[in-house]
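Read off the chains here:
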Amino acid sequence: MKLSISALLAFTLCAGVVQADPIRQGNLEVDGAWARASIGASRPGGAYFTVRNLGNEADRLIGLSSPVSAMPMLHETTVSEEGVSRMAHVEAPEIPAGGALVLEPGGMHLMLMELTGPLEEGGTFPLTLIFETAGEVTIEVPVLSIRATGPEE
Amino acid sequence: MSLTRRLVLGGGAVTALGAGTLGLGWWRVDGPGAARPSSATDPALPLPLGDMTVTLTDHQGRRVAAADWVGRPTVAFFGFTWCPEVCPTTLSDISVWLEELGAEADSLNVAFITADPERDTPKALAEYLTPFDPRIVGYTGTPEEIAETAAAFRVRIEKRPVNQGDYTVDHTAGVFLFRADGSFGTIIDYHEDRTFAVPKIRRILNQA
């Protein structure tokens with residue numbers, strides 16, 4: 001019994017650290033946030049999250065801020081027919097009614113330009129998302145390994 | 001097969017002209033010498049490593065010629081360490097493939113060639129590669145050496161300014177596989193299902 005309780009506790013702790021509950025703001029739900037550990041602070045960092053729109057009207061992500069980056073920006077990686085990868089700045093992406101804005105490796109991502117310090121594996125940092133309709137919400141982003149490819153690791 | 005080949009190709013002085021031509025025809029069309037995809041048949045494909053004349057600097061500061069990779073199968077790809085997205089993803093994927101291949105992968109050259117020689121010094125590469133599989137070797141060079149390497153691989157590298165003096169580098173994101181003899185094997189495309197990557201590398205490992 002003792003064993004299973006501690007096992008359960010360990011599981012709960014793990015789940016608590018890695019998979020925070022979705023955060024609700026108005027009709028939006030922010031979930032699955034994670035960042036890659038950086039090497040030092042000279043290179044930009046990368047982070048990901050998902051915003052689901054549970055409402056009947058589209059919203060827009062119009063602003064971002066975080067104490068770890070002087071200039072957070074949304075970028076999208078596209079790979080052309082010829083296999084050339086390219087990054088493009090995405091401004092104020094829409095979160096369609098009943099849909100989601102998904103940031104994930106190989107697609108849209110948050111570039112944390114001008115890091116104020118290294119993003120260290122095991123740490124977290126606050127990230128504020130500003131939506132046109134739903135307003136402002138601050139989430140805590142866990143920093144995973146530089147080799148991580150998704151929030152579940 | 002090789003006996004037949006030797007008989008046909010080494011057919012003696014008298015029949016050399018006639019039989020030799022036929023033999024060569026068979027060799028090229030149906031035999032083991034049948035055209036593999038190469039830059040000779042498709043100018044969009046990389047040159048054989050042995051035909052590349054460029055020399056680069058690895059992340060430990062050693063000068064290595066692309067032709068020196070001949071003798072072992074080679075996995076080569078372009079990237080840059082300032083990129084927070086495609087490059088860590090590719091390096092993570094490659095590390096996973098190498099771990100899956102285990103000791104088999106010890107005989108591979110695994111080359112991460114920078115598309116951004118100005119920022120990626122040997123030291124910057126060494127620092128960046130630390131968390132990834134130690135069999136991955138980073139290469140940089142002068143901008144001219146990198147341009148020459150890209151041309152030999154038929155890779156596109158385009159430096160593009162972003163805000164305030166900063167820049168990003170658009171580059172071909174595929175992973176190139178070469179056989180031990182330096183001939184080009186295939187590309188692991190950025191779009192393709194990555195579960196095919198390990199079998200593709202294994203095929204290169206098993207081809208002479």
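Looking up chain B in an unreviewed UniProt entry gives the name SCO family protein, with the organism given as Rubellimicrobium aerolatum. UniProt, in the comment section headed Sequence similarities (unreviewed entry), describes chain B in these words: "Belongs to the SCO1/2 family."

In the annotation of an unreviewed UniProt entry, the entry for chain A reads Copper chaperone PCu(A)C, and the organism field reads Rubellimicrobium aerolatum.

Caption draft 1: Local environment of the overall build of chain A. Counting secondary structure elements, chain A contains one helix and 11 strands. Excluding contacts between residues fewer than 6 apart, the proportion of contacts in chain A whose partners are at least 24 apart in sequence is 66%. Working note: accessible area of chain A is about 7700 Å², and carbon and sulfur atoms make up 55% of it.

Caption draft 2: Inspection of the interface of chain B and chain A at higher detail. Counting residues at the interface gives 30 residues for chain B and 30 residues for chain A. Here chain B packs against chain A, burying approximately 2500 Å² in sum over the two surfaces, 55% of which is carbon and sulfur. Among the residues chain B hides against chain A, the three largest losses belong to Trp82, Pro84 and Glu85 of chain B. Together they make up 24% of the total. The partner of arginine 147 of chain A in a salt bridge is glutamate 99 of chain B, and the shortest N-O contact between them spans 3.2 Å. Across the chain B-chain A interface, the total number found is 10 residue pairs in polar contact (both at pLDDT 80 or more).

Caption draft 3: How the structure looks around the confidence of the model for chain A. Per-residue confidence for chain A gives a mean pLDDT of 86, with 86% of residues at or over 70. Low pLDDT, under 50, characterises residues 1-18 of chain A; the stretch is placed with five contacts to residues that sit more than four places away or in other chains.

Caption draft 4: Structural view of unusual backbone geometry. Unusually for a residue other than glycine, alanine 92 of chain A sits at a positive phi of about 45°. Note on placement: alanine 92 of chain A falls in the loop between strand S6 (84-89) and strand S7 (94-95). Here arginine 154 of chain B, not a glycine, exhibits a phi torsion of approximately 60°, which is positive. By relative accessible area, which is 35% here, arginine 154 of chain B ends up partly exposed.

Caption draft 5: Spotlight on the pattern of salt bridges. Residues and elements named next belong to chain A. The final tally for this structure, using the stated rule, is 17 salt bridges over all chains. Between arginine 60 and glutamate 94 there is a salt bridge, with the nearest N and O atoms lying 3.6 Å from each other. One end of the pair, arginine 60, is in strand S4 (residues 59-65); the other, glutamate 94, is in strand S7, with 34 residues separating them in the sequence. Within this structure, Glu29, Asp31 and Arg52 form a network of salt bridges that share partners.

Caption draft 6: Local environment of the pairing of strand S9 (residues 108-115) of chain A. All names here are of chain A. When you tally the buried positions in S9, you get seven out of eight residues, the bulk of the element. Where strand S3 (residues 45-53) lies against S9, three bridges are found, and the strand directions are antiparallel. Directly across from glycine 45, in S9, lies its bridge partner leucine 112. Pairing of strand S5 (residues 69-79) with S9, which is carried by seven bridges, proceeds in the antiparallel orientation. Residue pairing across strands places glutamate 76 opposite methionine 108, the latter belonging to S9.

Caption draft 7: View of the sheet that holds strand S9 (residues 184-188) of chain B. Residues and elements named next belong to chain B. Spatial strand order, S2-S1-S5-S4-S3-S8-S9: seven strands in an open sheet with mixed pairing. Each having just a single partner strand, strand S2 (63-65) and S9 make up the two edges of the open sheet. Here the strands of the sheet are splayed against their neighbours by 35° on average, with no regard to which way each runs. As paired strands, strand S8 (residues 175-178) and S9 are joined by four bridges and run antiparallel to one another. From the neighbouring strand, valine 175 faces S9, where its bridge partner is isoleucine 188. Contacts from helix H4 (residues 122-129) reach strand S1 (55-58), strand S4 (109-114) and strand S5 (136-140) within the one sheet, and its direction differs from that of S5 by about 155°. Across the sheet, helix H6 (residues 197-206) is in contact with strand S3 (74-79), S8 and S9; its angle to S9 comes to roughly 170°.

Caption draft 8: Focus on the nonpolar core. By size, the foremost hydrophobic cluster in this structure holds 37 residues, and its most contacted members are Ile136 and Ile201 of chain B. For this core, the secondary structure elements donating two or more residues are S3, helix H3 (86-101), S4, H4, strand S7 (167-172), S8 and H6 of chain B. Take this core: its biggest share by element is seven residues, from H3 of chain B. Ignoring anything within four residues of it in the chain, the contact list for isoleucine 136 of chain B reads His59, Phe77, Leu91, Ile94, Ser95, Leu98, Val110, Phe112 and Leu129 of chain B. Counting 34 residues, the second-largest nonpolar core is a separate cluster that includes Val30, Leu103, Leu127 and Ala134 of chain A.

Criteria and cut-off values
- Residues numbered from 1 in each chain as written.
- Chains lettered and ligands numbered in written order.
- Predicted model: local features only at pLDDT ≥ 70, side-chain atom pairs only at ≥ 80, totals over all residues.
- Heavy atoms only, no water.
- UniProt positions renumbered as here; feature names shortened; annotations may be inferred.
- Helix = DSSP H or I, 4+ residues; strand = E, 2+ residues; numbered from the N terminus.
- Contact = heavy atoms within 4.5 Å.
- Areas by Shrake-Rupley, 256 points an atom, 1.4 Å probe, with all protein chains shown as cover.
- Buried area = accessible area lost by both parts, 1.4 Å probe.
- Salt bridge = Lys/Arg side-chain N within 4 Å of Asp/Glu carboxyl O.
- Polar contact = N/O pair within 3.5 Å; in protein donor to acceptor, adjacent residues only side chain to side chain.
- pLDDT = per-residue confidence, 0-100.
- Buried < 20%, exposed > 50% of the residue type's maximum accessible area, 1.4 Å probe, protein only.
- Pairing = 2+ DSSP bridges.
- Axes fitted to C-alpha atoms, helices over the stretch in contact; angles between N-to-C directions.
- Core = buried A, V, L, I, M, F, W, Y, C linked by side-chain atoms within 4.5 Å.

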